Amino acid sequence: MNIIGSRLVVVAWLVCCSITWADDPLPSWNAGPAKSAIVDFVGRITTEGSPQYVVPAKRIAVFDNDGTLWPENPVPFQLAFVLDELKRLASEHPEWKTNSHIQAALAGDVAKLKEEGSEALVQLLAGTHAGITTEQFNANVRQWMKTARHPRFHRPYNRLAYQPMLELLAYLRTNGFKTFIVSGGGADFMRAWAEETYGIPPEQVIGSIGDVRFEIRDGRPVLMRRPEIDFVDDKAGKPVGIHRFIGRRPIAAFGNSDGDLQMLQWTTIGQTPSFGLLVHHTDAEREWAYDKAPSSSGKLVDALAEAPERGWIVVDMKKDWKMLFSSY
């Protein structure tokens, strides 16, 4: 085949692929009820003249992060960051040798940390998140993202976003939606990388918030992080966070656990049109399979039981997703 012929083949292939991509905005989703429900909902609310048409200003979609947009095992990724930061900083803090919570973390005893609950978490966050400027914290998170690797998948944590959900985010934005993260994780932790990973800018990231104080240091204005937690954006806190920081009730909500139950209720109950979706982790081979007894977080019992009554879509990860992560 001559050069002109080769180029024609390439052009034809690109045109064919372009048509395919245009026809299928969710190529990593298998055909089935979940994919059909998404496309049908978007079609109904974006078609002018439709009885369920929604003006673009009201097309708000909210997404949980851990377990919905990326994995949450063997521990939530922010906790993985905390554990690595404690190891990095341990030599600078001899006083940590008498702190049982930090010692358990340094020993990798996650089970003990779970038993000790919020008290242990506050101690760990104080050691790794407080006493530094917001700029330094962002730099610490970004550096960790560059160097840390997931113990199972052996790739950077921010390269573990679920490909089907990335496609869904892009599909919604193409159709006039404004997409927000609404997560129990720390807002500042997610804001450091969410725009690059998900295309969601910092001002559209809602999460748990630590106390921050304005100061002048060496003639320069800074925001200093403190150990106290101002707001926990989880469970019933999610609708509160949506109200405080968005000011509009979403018409679509996406989660994966009982921590997202109230967010889905707030989005869908008594509001038409609306859409709720739960990601059910059913794929032990490619990822993990869990619901009522997760190894780390993401318990899914009450929301799963309520889904049929509310008309929420339940994504079976094993059946509905062709792939989990991009091959990059």
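S.K.: Could you give an account of the pattern of salt bridges, naming the residues involved and the relevant values?
M.R.: Counting across every chain of the model gives 16 salt bridges. For aspartate 40, the salt bridge identified is with arginine 44, shortest N-O distance 2.9 Å. Of this pair, aspartate 40 and arginine 44 both sit in helix 2 (residues 33–46), four residues apart, which is roughly one turn of the helix. Classification of aspartate 40 by relative accessible area gives partly exposed; the value is 42%. Owing to a relative accessible area of 30%, arginine 44 belongs among the partly exposed residues under this scheme.

S.K.: Summarise the sheet that holds strand 6 (residues 275–280); cite the residues concerned and give the values.
M.R.: Taken together, seven strands build an open sheet; the order of strands is 4-3-2-1-5-6-7 and the sheet is mixed. On the outer flanks of this sheet lie strand 4 (220–231) and strand 7 (313–316), each paired with one strand and no other. Pairs of neighbouring strands in the sheet enclose a mean axial angle of 30°, with direction left out of account. Here strand 5 (residues 252–255) pairs with strand 6 via four bridges, running parallel. When the bridges of strand 6 are listed, alanine 253 appears paired with glycine 276. Packing of helix 7 (residues 163–174) onto the sheet brings it into contact with strand 1 (60–63), strand 2 (178–186), strand 5 and strand 6, and relative to strand 1 it is tilted by some 165°.

S.K.: Any chance you could break down the pairing of strand 3 (residues 205–217) for me, citing the residues and the numbers?
M.R.: Remember that side chains alternate between the two faces of the sheet whenever the strand is regular. Pairing of strand 2 with strand 3, which is carried by three bridges, proceeds in the parallel orientation. Bridge pairing in strand 3 links glycine 186 to serine 208. Here strand 3 runs beside strand 4; their pairing, made up of eight bridges, is antiparallel. Of the residues in strand 4, the one forming a bridge with isoleucine 216 is proline 221. Hairpin connection of strand 3 to strand 4: two residues between the antiparallel strands, including aspartate 218 at a positive phi of 55°.

S.K.: Just give me the short version of the packing of helix 3 (residues 77–89) against helix 6 (residues 134–147), but keep the residues and values in it.
M.R.: Taken N-terminus to C-terminus, the directions of helix 3 and helix 6 make an angle of 100°; their axes are 11 Å apart at the nearest point. Classified by the angle between their axes, helix 3 and helix 6 sit roughly perpendicular to one another. In this structure, helix 3 uses Phe77, Ala80, Phe81, Asp84, Glu85 and Arg88 to contact helix 6, whose residues at the interface are Phe137, Asn140, Val141 and Trp144. Of the residues contributing to the contact of helix 3 with helix 6, the split by class is six nonpolar, one polar and three charged.

What counts and what doesn't
- Residues numbered from 1 in each chain as written.
- Predicted model: local features only at pLDDT ≥ 70, side-chain atom pairs only at ≥ 80, totals over all residues.
- Heavy atoms only, no water.
- Salt bridge = Lys/Arg side-chain N within 4 Å of Asp/Glu carboxyl O.
- Helix = DSSP H or I, 4+ residues; strand = E, 2+ residues; numbered from the N terminus.
- Buried < 20%, exposed > 50% of the residue type's maximum accessible area, 1.4 Å probe, protein only.
- Pairing = 2+ DSSP bridges.
- Axes fitted to C-alpha atoms, helices over the stretch in contact; angles between N-to-C directions.
- Contact = heavy atoms within 4.5 Å.
- Parallel < 35°, antiparallel > 145°, perpendicular 65-115°, else oblique.
- Nonpolar A, V, L, I, M, F, W, Y, C, P; charged D, E, K, R; others polar.

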